[in-house]
Amino acid sequence: MYWMDMTEAEIADAVGAFGVPKFRIAQVQEWLHKGVRPSEMTNLPKDLRAKLDTIPFGGAVIFDKRVSPKDGTVKYLFALEDGNLVEGVLMRYSYGNTVCLSTQVGCNMGCKFCASTLEGCVRSLRPGEMLSFIAEIERDEPPAEGKPRTVTNIVLMGSGEPLDNYDNVVTFLKRVTSEQGPNISARNISLSTCGIVPKIYRLIEDAPHVTLSISLHAHSNEVRSELMPINKAYPIEQVLEAAKAYADRTGRRVVFEYALIGGKNDSEADADALAARLKGLLCHVNLIPLNPVRERGLDGVTRAYAHRFREWLEARHISATVRREMGADIEGACGQLRRRVLNEIRG
Ligand code: SAH
């Protein structure tokens, strides 16, 4: 067991086992909520801190950091206690700051355009590790004057498939939205999935207030299966049915991510077919010009072209936006920074 993964009761038991007065338990709980490790629990006696340190903390430390001179986006590479590296990004918007978090080291989903999945999934992240990312970011970038927090919004869109790490992700969502924890509103959290349909239905029950994003990327099963192996298990029809169930149950629109790939899914006929698929569904389409990955032979499109595609959708009454490009100058795209650093380390 790791400190950062423990429930209140488990912390009480673990601290109590060191034979300390009761008020120490509350102190430790408070520190752990802030993601602080025992060596830095400054109001505890040194010998108690040393005792607490005999149990592994289970968090992350910042291993590398790049700041975009263009838009202030910060790309973090976190080191986990087993030596694994995983990415996170802090993006600054007018309404607050969004962090993009990873849910796994690598990914098993095998999407053809994605750098995170090239070497498969090394392991899933624990709830305490994901909470620790937020704590480390807030330590590194303290809140602006008069603001209680740096991080106001979360998107689970880093490396990994959140619904392939279901229990840990749901525990993380419960803790990150709790009053004792970071207390981030579920409405400010988006979870992005490649479309593991049965898990989407479970999520509707377990976390109905979280915004559901689904990576669609194609309107036909033929193209989607070519790009995303998961489509062979859960074809588009089933994905859209699950999306409808989410919209019906929550009254909130589903966000579909659609990466525009030159010559693959980006024609006006594609926009037409996509609009026909989505007709009548409470949804929004987020267009992303594909970030070309060197290892794969897939092209992007220009932002101007993405806006044309958006107009084609809007002419067909589908609401759409072109995703803002944050940190493109610092390898903001999925898995890119981690791969670069790993390649450097491995020589
Ligand atoms: N596994 C989840 C979340 C991680 S990826 C999912 O599949 O949704 C976050 C988003 O970035 C997904 O929509 C993913 O398809 C997209 N993405 C991955 N590689 C990309 C690339 N090279 N260019 C543009 N979008 C990419």
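### Structural notes on the site of the ligand
Piece 1. Taken together, 18 residues form the shell around the ligand, and within it Phe113, Ser192, Ser215, His217 and Asn291 come nearest.
Piece 2. Take phenylalanine 113: an N or O atom from its main chain is 3.0 Å from a nitrogen atom of the ligand.
Piece 3. Contact with the protein chains covers 94% of the free accessible surface of the ligand, which is 530 Å².
Piece 4. Across the shell around the ligand, the residue classes break down as nine nonpolar, seven polar and two charged.

### A look at the domain arrangement of the protein chain
A common way to express how large an interface is: the accessible area buried when the components associate.
Piece 1. Segmentation of the protein chain into domains returns domain 1 (3-52) and domain 2 (107-121 + 154-346).
Piece 2. The gap between the C-alpha centroids of domain 1 and domain 2 is 39 Å.

### Things to note about helix H9 (residues 236-250)
Piece 1. Over its 15 residues, H9 extends 21 Å from the first C-alpha to the last, a length consistent with the 21 Å expected when each residue adds 1.5 Å.
Piece 2. Turning to H9, its buried residues are Ile236, Val239, Leu240, Ala242, Ala243, Tyr246, Ala247 and Thr250. Taken down its axis, H9 places every buried residue within 160° of arc, on the same side. Exposed side chains of H9 directed beyond 90 degrees from the buried face belong to Glu241 and Asp248.
Piece 3. Its buried side turned inward, H9 meets helix H6 (197-206), strand S9 (211-215), helix H7 (221-227), helix H8 (230-233), strand S10 (254-260) and helix H10 (268-278).
Piece 4. Glycine 251 lies just past H9 and shows a positive phi near 70°.

### Concerning the nonpolar core
Piece 1. The biggest cluster of nonpolar side chains holds 99 residues, and the ones touching the most others in it are Trp3, Ile154, Phe172, Phe256, Leu278 and Leu313.
Piece 2. Examining the composition of this core, we find that seven residues originate from one element, H9, more than from any other.
Piece 3. Shared between two domains, this core holds at least three residues of each, these being domain 1 (3-52) and domain 2 (107-121 + 154-346).
Piece 4. Tryptophan 3 has contacts with Ile11, Ala14, Val15, Phe18, Leu32, Pro38, Leu52, Ile55, Pro56 and Phe57, leaving out every residue within four places of it along the chain.
Piece 5. Core analysis: the next-biggest nonpolar cluster, separate from the first, contains five residues, Val89, Cys100, Val155 and Met157 among them.

### Let's talk about the pairing of strand S2 (residues 74-80)
Piece 1. The buried fraction of S2 amounts to seven of the seven residues, a majority that puts the element mostly inside the structure.
Piece 2. Burial along S2 is two-sided: the face carrying Val74, Tyr76, Phe78 and Leu80 and the face carrying Lys75, Leu77 and Ala79 are both buried.
Piece 3. Hairpin connection of strand S1 (residues 60-67) to S2: six residues between the antiparallel strands, including glycine 72 at a positive phi of 75°.
Piece 4. Judged from the six bridges that link them, S2 and strand S3 (residues 85-93) form a sheet pairing that is antiparallel. Pairing of alanine 79 across the sheet is with leucine 85, part of S3.
Piece 5. Turn length for the S2-S3 hairpin, with the two strands adjacent in sequence and antiparallel, is four residues, and the turn residue glycine 83 shows positive phi of about 90°.

### Here's the deal with the packing of H6 against H9
Piece 1. Running from N to C, H6 and H9 cross one another at 5°; their axes reach a closest spacing of 9 Å. Considered as vectors, H6 and H9 are oriented roughly parallel to each other. Between H6 and H9, the residues in contact are Val197, Ile200, Tyr201, Ile204 and Glu205 and Gln238, Val239, Glu241, Ala242, Ala245, Tyr246 and Arg249, respectively.
Piece 2. Considered class by class, the residues forming the contact of H6 with H9 number eight nonpolar, one polar and three charged.

Calculation rules
- Residues numbered from 1 in each chain as written.
- Predicted model: local features only at pLDDT ≥ 70, side-chain atom pairs only at ≥ 80, totals over all residues.
- Heavy atoms only, no water.
- Near = heavy atom within 4 Å.
- Polar contact = N/O pair within 3.5 Å; in protein donor to acceptor, adjacent residues only side chain to side chain.
- Areas by Shrake-Rupley, 256 points an atom, 1.4 Å probe, with all protein chains shown as cover.
- Nonpolar A, V, L, I, M, F, W, Y, C, P; charged D, E, K, R; others polar.
- Domains from an automatic or database assignment.
- Helix = DSSP H or I, 4+ residues; strand = E, 2+ residues; numbered from the N terminus.
- Expected span 1.5 Å × (residues − 1).
- Buried < 20%, exposed > 50% of the residue type's maximum accessible area, 1.4 Å probe, protein only.
- Arc of directions from axis to C-beta.
- Contact = heavy atoms within 4.5 Å.
- Core = buried A, V, L, I, M, F, W, Y, C linked by side-chain atoms within 4.5 Å.
- Pairing = 2+ DSSP bridges.
- Axes fitted to C-alpha atoms, helices over the stretch in contact; angles between N-to-C directions.
- Parallel < 35°, antiparallel > 145°, perpendicular 65-115°, else oblique.

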